[in-house]
Amino acid sequence: MMKRKIVVGVAALGLAISLAACSGGGRASTSGGGSSTDNKGALIGVAMPTKVSERWIKDGNAVKSDLEAKGYKVDLEYADNKIPQQVQQVSNMITKGAKVLIVASIDGGSLSDQLDSAAKAGIKVISYDRLLTGNKNVDYYVSFDNYKVGVDQANSLLTGLGILDANGKKTGKKGPFNIEVFAGSPDDNNATFFFNGAMDTLKPYLADGTIKIGSGQNGFTQAATLQWDPATAKARMQNLVAKSYSGGTTLNGVLSPYDGMSIGIISALQGAGYGTSSRPLPTVTGQDAEAASVKSIIAGQQYSTIYKDTRQLATESVTMADDLLTGKKPSVNDTKSYNNKVKVVPTYLFQPTVVTKDNYKKVLVDSGYYKESDLK
């Protein structure tokens, strides 16, 4: 009888466990310690670096509105380009119980403690456009092909100089053309991708003497511009002109990685006497298709910019967050390129587009990114 009771007890226990499993009560959490059905209306933290740049305002608003359209609560914060402020903002999002963090960092390596805290709390992290570095707790990355951005910037510089035609073919012009190169912020992982893509593209033309860097400042450290600051870029351009072009040598082109910097660079050049019929402005590149620079392109001042449809980034980051909170695996299209110094982060990449005076209407206005009135 004792043996029979033990057998019946074990069978009953097995049935109870089986029923519990079938009921779904034992399903693993997808985020933040709850099942996917627990995440309806969950809080998602969105950390953006600054409101100084027009593009980050657009990005933040787009992500927020798309998340809210899916029924999520959103804590959207801008950090005024101050690292301690962003650290505190992300910490607060974790404390508030965010289930996913979407982070466009000021300094990719400054949030390591917060990433560790997020992982302990079961919070997934999506790195937005700027790669979070030095920590394994970065789950996904959404961005543009940043190396190609640099390639496109360099090719548009060569086209503006007349070395390449509109189809990217060599025209036979030998130069030498004098150029200067600028790079982005050294604490932004993207900046090195932009610079490397550009310099790899320019290298053959530097080697054969078609172009030359008048100042000799051809390294990333020499060209870097902390926090992408337009005033810093303007001051450096003023110094370059004074030291390398005051003796009558003409500057023909400037590789600039960002529109805000381009505006500062152009201002410095105009102050040095460029922008007249006898001394036209050099070919100046840019990035982000900010309205001020598009207007400058239309006016014949800045030559080009790189358009990155941030609506795509917003949509993809929201899709990733929603997938994570509903038990799905987010889609990626690059699992090799973006090593954050600890791991290769699964990435979804979009492709950039070069914008000049010739195609801005088709690319920016016809697509609905801008209204024609925005560019008057």
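Refer to the structure above for everything that follows.
Residues numbered from 1 in each chain as written. Predicted model: local features only at pLDDT ≥ 70, side-chain atom pairs only at ≥ 80, totals over all residues. Heavy atoms only, no water.

Peer 1: Quick question: what am I supposed to make of the sheet that holds strand β6 (residues 177-181) here?
Peer 2: Strand order in the open sheet formed by four strands is β7-β6-β8-β9, with parallel pairing between adjacent strands. At either end of the open sheet lies a strand with only one pairing partner, and these are β7 (211-213) and β9 (283-284). Direction of pairing for strand β8 (residues 253-255) relative to β9: parallel, over a ladder of two bridges. Residue G253 lies in a different strand from β9, and its bridge partner there is T283. With respect to the sheet, helix α5 (residues 146-161) is in contact with β6, β7, β8 and β9, its orientation differing from that of β8 by roughly 175°. (Pairing = 2+ DSSP bridges. Helix = DSSP H or I, 4+ residues; strand = E, 2+ residues; numbered from the N terminus. Contact = heavy atoms within 4.5 Å. Axes fitted to C-alpha atoms, helices over the stretch in contact; angles between N-to-C directions.)

Peer 1: Honestly, the packing of helix α9 (residues 259-271) against helix α10 (residues 291-298) in this entry has me stumped. Any pointers?
Peer 2: How two helices pack is summed up by the angle between their axes together with the distance between the axes. Remark: α9 packs on α10, axes separated minimally by 9 Å, with the N-to-C direction vectors making an angle of 50°. Comparing the axis directions of α9 and α10 gives the class oblique. Note on packing geometry: the crossing formed by α9 with α10 is left-handed. For the pair α9 and α10, contact is made by D259, I263 and I266 and by A292, S293 and S296, respectively. Within the contact of α9 with α10, the residues separate by chemical class into three nonpolar, two polar and one charged. (Parallel < 35°, antiparallel > 145°, perpendicular 65-115°, else oblique. Left-handed = near helix turned anticlockwise from the far one by under 90°. Nonpolar A, V, L, I, M, F, W, Y, C, P; charged D, E, K, R; others polar.)

Peer 1: Would you explain the pairing of strand β3 (residues 100-103) in this entry?
Peer 2: Consecutive side chains along a regular strand alternate between the two faces of the sheet. Going residue by residue along β3, you find V100 and I102 tucked away on one face and L101 and V103 tucked away on the opposite face as well. As defined by bridge partners, strand β1 (residues 43-48) adjoins β3 across four bridges and the pair is classed as parallel. Its bridge partner being in β3, G45 is matched across the sheet by L101. One ladder, built from four bridges, connects β3 with strand β4 (residues 124-128); its direction is parallel. Residue pairing across strands places I102 opposite I126, the latter belonging to β4. Running through helix α4 (residues 112-120), the crossover from β3 to the neighbouring parallel element β4 is right-handed. (Buried < 20%, exposed > 50% of the residue type's maximum accessible area, 1.4 Å probe, protein only. Right-handed = clockwise from strand over helix to strand, strands pointing away.)

Peer 1: So what exactly am I meant to see when it comes to the environment of N190 here?
Peer 2: Note that N190 resides in helix α6 (residues 189-207). On a C-alpha basis, the gap between N190 and V318 in space is 21 Å, while along the polypeptide they are 128 residues apart. Each residue touching N190, except ones within four places of it in the same chain, is listed here: D129, R130, L131, Y141, S143 and N146.

Peer 1: What should I look at first to understand the nonpolar core in this one?
Peer 2: What tends to happen in soluble globular proteins is that the nonpolar side chains get buried as a cluster. Core analysis: the biggest nonpolar cluster contains 28 residues, and I44, V46, L67, I102 and Y128 have the highest contact counts within it. Looking at this core, the elements with two or more residues in it are β1, α2 (54-69), β2 (73-78), β3, β4, β5 (140-144) and α11 (310-325). In terms of residue count, α11 provides more of this core than any other element does, seven residues in total. Not counting the four nearest positions on each side in its chain, I102 is found in contact with I44, G45, V46, A47, V63, L67, I126, Y128, S317 and A321. Residues V241, L251, Y258 and I266 belong to the second largest nonpolar core, which totals 22 residues. (Core = buried A, V, L, I, M, F, W, Y, C linked by side-chain atoms within 4.5 Å.)

Peer 1: It is not clear to me how the side chain of T133 should be interpreted in this structure. Could you clarify?
Peer 2: Take T133: it is sitting in the loop between β4 and β5. Overall, the relative accessible area of 10% leaves T133 in the buried class.

Peer 1: Honestly, α4 in this entry has me stumped. Any pointers?
Peer 2: Count 3.6 residues to each turn of an α-helix, and residues three or four apart come out pointing the same way. Looking only at α4, the buried set comprises Q114, L115 and A118. Projection of α4 onto a plane perpendicular to its axis shows the buried side chains occupying an angular sector of 100°, all on one side. Opposite the packed face of α4, turned more than 90 degrees from it, sit the exposed residues D113 and K120. Contacts made by the buried residues of α4 are with α3 (83-96), β3 and β4. Looking one or two residues beyond α4, the residue adopting positive phi is G122, at roughly 75°. (Arc of directions from axis to C-beta.)

Peer 1: Can you walk me through the packing of aromatic side chains in this structure?
Peer 2: Two aromatic rings are characterised by how far apart their centres lie and by the angle between their planes. Evaluated as defined, the whole model comprises nine aromatic pairs. For the pair Y307 and Y369, a centre-to-centre distance of 5.0 Å together with 70° between the ring planes defines the contact as edge-to-face. Separated by 62 residues along the polypeptide, Y307 in strand β10 (residues 305-307) and Y369 in the segment after α12 (360-365) bring together distant segments of the chain. No difference in accessibility class separates Y307 from Y369, as the two residues are buried. Geometrically, the ring pair formed by Y369 and Y370 is edge-to-face, given 5.1 Å between the ring centres and 80° between the ring planes. We note that Y369, like Y370, is buried. Of the aromatic side chains, those joined through ring pairs into one cluster are Y141, F193 and Y338. (Phe/Tyr/Trp six-rings, centres within 6.5 Å; stacked < 30°, edge-to-face > 60°.)

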